[in-house]
Amino acid sequence: MLETQAKKTTKVREPDRQLVMSAADVLRDYSLAVQSRQASLVGRREVLSGKAKFGIFGDGKEVAQIAMAKAFRPGDYRTGYYRDQTFMFAIGATTIQQFFAQLYAHADVVAEPNSAGRQMNSHFATRLLNDDGTWRDQTQQFNSAADLSPTASQMPRLVGLGYASRLYRELDDLKDMTLFSRGGNEVAFGTIGNASTAEGHFWETVNAIGVLRLPVVISIWDDEYGISVPNIHQITKGNLSEVLAGFRREAEGEPGFEIFTVKGWDYPALIETYARAAELARAEHVPAIIHVIEMTQPQGHSTSGSHERYKSSERLAWEQEYDCLRKLREWILEQRLAAPGELDNLERNAEKLVENFRAKAWQAFTRPIYDERQEAARLMEAVETQLPQAEAVAAVRRRLLTRETPFRRDVLSAVGEALAATRDAPRGPESPVGRLLAWQRAQLEANRERYGSHLYSRSAESALHVTEVKPVYLADARLVPGAQLLNAAFDAMLARDPRVVAFGEDVGYLGGVNQTWAGLQKKHGPLRVSDTGIREATIIGQAIGLALRGCGPSPKSSTSTTCSTACKSCPTTWPRSTGGRAAGRRPRSSSAPAATGWRASGTPVRPWPPWSTCCAGCTSACRAT
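Residues numbered from 1 in each chain as written. Predicted model: local features only at pLDDT ≥ 70, side-chain atom pairs only at ≥ 80, totals over all residues. Heavy atoms only, no water.

In the predicted model, the protein carries a mean pLDDT of 88, and 86% of its residues have values of at least 70. Counted against residues more than four places away or in other chains, residues 4–8, with its pLDDT under 50, gives ten contacts. The model gives residues 561–565 a pLDDT under 50, and that stretch makes nine contacts with residues more than four places away or in other chains. (pLDDT = per-residue confidence, 0-100. Contact = heavy atoms within 4.5 Å.)

Shown next, in the form of structure tokens:
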């Protein structure tokens, strides 16, 4: 419970310890929440004024995300969705200026480090690799997997992010991998909106985490709507806490979740809840679900419409009264941590600060485009002075120069028009049209790099750099079943590299339906070779999360068409979608021996991928990281 003391400090009391917050801490939280809200308001304005194409923001979720950030520690991981801006601001992983740079789609990885302008706004990521392709020390930074647009696709990899901490805690051979874990004392935080919990990925993930007993905290931001559809049409009984109750653990030491329900405007309760849930997950590896209810969405779902069209006047009035910023301000005044005038001044400063960041982001985004427009106009003007098509080219140039907010496509479209009008003119390298054509080609090449680079990893660990090793058979090699050959290769892989873990349907006790893993669980242990339920999406998510944290996953699924749905979160897309900044490193592969005394009998056996016994899409998902 939070208490206000005479010295203007606030304490959070827990069974084991006491958290103390000063008035300055509380006011910093309020200031950040106000700044984030202002960023949402200004972001919507920028979209509706034509400076950005689409916007979706985290307004209404500010206070809960600040509470979550207070429980987040270096080495922890987040996998979330597009309303987590306040959290990213709070941990310092994204600045407000970078937030606007992404809104404008600034294709510069320095200005917009989350995705180099390649993802929708509010899609966040942190860098996992150094420039030379080596791992960064994850224990010294706040980590976030790259956000994804398909709803609930952020959830399956939460299984792997949490499972890595269990492996680092329980496997002695991994104790020296200190870049990735402090003895398994990390928490993987997952966030999701209430509407997306209707997706199968959510329920499969919750079930897998409960079965594996992973240090995971799942936050559900519940504002009672999914665009225009209320919870009653999305969730049985319209109440997630009631539906999730079956996952609650019965007693200490029993499997299951600790489940918390807390109001999204209740600042002291939120801080206490997140501190308790995170400590439980971190120390005891007990997963938690925090259902944050009574949240609001002041601007509606996105810039594509207004929530006034589907919310009643009573609901809108309630949302205004229970806005988390308003309630936090009331609580601060009630606790006498600040005077009304002090808070008014703080709010005015937040507005000015956000507008300053927005202006800087816009200037940095538009300056090079304006320069390109001026250069194109200069080259077109040179064409006008020497060719009979002068008037047609001049009209194109004037239209380009009068555009208030030009984009690169406007500049290149104008150049294309001018070149089409002068298609019969000489195009030698030194001619005016030739110089304009050369400029166009240079811009197209620059844009290919700017917008389409990193389709494949460029690090030394890229799969494209793996040298092919052709099989060499001894003259007297005897024929053996292909399953036996694969079993020996998997055995060698597990023995050679302690990072390798195999898991999937029937892999453990049975050794796979084709016996390719037979006896390996007994030899290498149940954590190195383990069974899973029939949960294809989270088998692949488990592999993705493990690969991000330095392990060498080898997932196995029986149904490739089902597990391929998990490839919505496949990291093979992350190098491109993050501008090469957020992809994890591919684990070093272990090839089969160059010479063997065995040959496969029966159906010819092609070389098997070292990190997967699943479908091609999932193989690439594991190898590409």
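We now examine the pattern of salt bridges. One pass over the structure, following the stated rule, counts 35 salt bridges. Where Asp29 meets Lys70, a salt bridge forms, and the shortest distance between an N and an O atom there is 3.0 Å. Of this pair, Asp29 sits in helix H1 (residues 23–48) while Lys70 sits in helix H2 (residues 62–71), and the two are 41 residues apart along the sequence. Overall, the relative accessible area of 30% leaves Lys70 in the partly exposed class. (Salt bridge = Lys/Arg side-chain N within 4 Å of Asp/Glu carboxyl O. Helix = DSSP H or I, 4+ residues; strand = E, 2+ residues; numbered from the N terminus. Buried < 20%, exposed > 50% of the residue type's maximum accessible area, 1.4 Å probe, protein only.)

What follows deals with the packing of aromatic side chains. Taken as a whole and assessed by the stated rule, the structure comprises 22 aromatic pairs. Relative to Trp517, the ring of Phe490 lies with its centre 4.0 Å away and its plane at 5°, an arrangement referred to as stacked. Taken together, the residues span a long stretch of sequence, with Phe490 in helix H15 (residues 482–496) and Trp517 in the loop between strand S13 (500–504) and helix H16 (520–524) at a distance of 27 residues. Trp517 shares its class with Phe490; the two are buried. Through a chain of ring-to-ring contacts, the aromatic side chains of Phe57, Phe89, Phe99, Phe100, Tyr104, Trp362, Phe365 and Phe407 assemble into a single cluster. Positioned over the ring face of Tyr225 is Lys311, at 5.2 Å from the centre of the ring. It is Lys327 that lies over the ring of Trp265; its NZ or CZ is 4.9 Å from the centre. (Phe/Tyr/Trp six-rings, centres within 6.5 Å; stacked < 30°, edge-to-face > 60°. Lys NZ or Arg CZ within 6 Å of the ring centre and 35° of its normal.)

Here the focus is unusual backbone geometry. The backbone of Arg213 shows a phi angle near 60°, a positive value even though the residue is not glycine. Mapped onto the elements of the fold, Arg213 is located in the loop between helix H6 (200–212) and strand S7 (216–221). Judged by its relative accessible area of 40%, Arg213 falls in the partly exposed class. One non-glycine residue, Asp506, adopts positive backbone phi at about 70°. Topologically, Asp506 is positioned in the loop between S13 and H16. By relative accessible area, which is 32% here, Asp506 ends up partly exposed.

Glancing now at helix H13 (residues 408–421). For H13, spanning 14 residues, the distance from its first C-alpha to its last is 20 Å, which sits close to the expected 20 Å at 1.5 Å a residue. Among the residues making up H13, those that are buried are Arg408, Asp410, Val411, Leu412, Ala414, Val415, Ala418 and Leu419. Contacts from the buried residues of H13 go to helix H11 (340–384), helix H12 (390–402) and helix H14 (432–452). (Expected span 1.5 Å × (residues − 1).)

Summarising the element assignment, Arg315 is placed in helix H9 (residues 313–321). Residues within four places of Arg315 in sequence aside, it is in contact with Asp223, Glu224, Tyr225 and Met295.

What follows covers the packing of H6 against helix H17 (residues 536–548). Relative to each other, H6 and H17 sit at 65°, their axes nearing to 9 Å. The angle between H6 and H17 places the two elements in the roughly perpendicular class. Both H6 and H17 take part in a crossing whose hand is right-handed. On the side of H6, the interface is formed by His201, Glu204, Thr205, Ala208 and Leu212, while H17 contributes Glu536, Ala537, Thr538 and Gln542. For the contact of H6 with H17, the class distribution of residues is three nonpolar, four polar and two charged. (Axes fitted to C-alpha atoms, helices over the stretch in contact; angles between N-to-C directions. Parallel < 35°, antiparallel > 145°, perpendicular 65-115°, else oblique. Left-handed = near helix turned anticlockwise from the far one by under 90°. Nonpolar A, V, L, I, M, F, W, Y, C, P; charged D, E, K, R; others polar.)

Taken together, the six strands give an open sheet; going across it, the order is S5-S4-S6-S7-S11-S10, and neighbouring strands pair in parallel fashion. Since the sheet does not close on itself, it has two edges, and those belong to strand S5 (143–144) and strand S10 (258–263), each with one partner. In the sheet, strand S4 (residues 77–79) pairs with S5 via two bridges, with the strands oriented parallel. Each residue of the ladder has a partner; that of Arg78, found in S5, is Ser144. Seen against the sheet, H6 touches strand S6 (188–193), S7 and strand S11 (288–293) and runs at an angle of roughly 150° to S7. (Pairing = 2+ DSSP bridges.)

Here we take up H11. In an α-helix there are 3.6 residues to a turn, and that puts residues three or four apart on one side. Relative to the 66 Å expected for 45 residues at 1.5 Å per residue, H11 spans 64 Å between its end C-alpha atoms, a close match to the ideal helical length. The sharpest bend along H11 measures roughly 30° and falls at Thr366, with the proline Pro368 sitting one to four residues further on. (Bend = angle between axes of the 7 residues up to and from the residue.)

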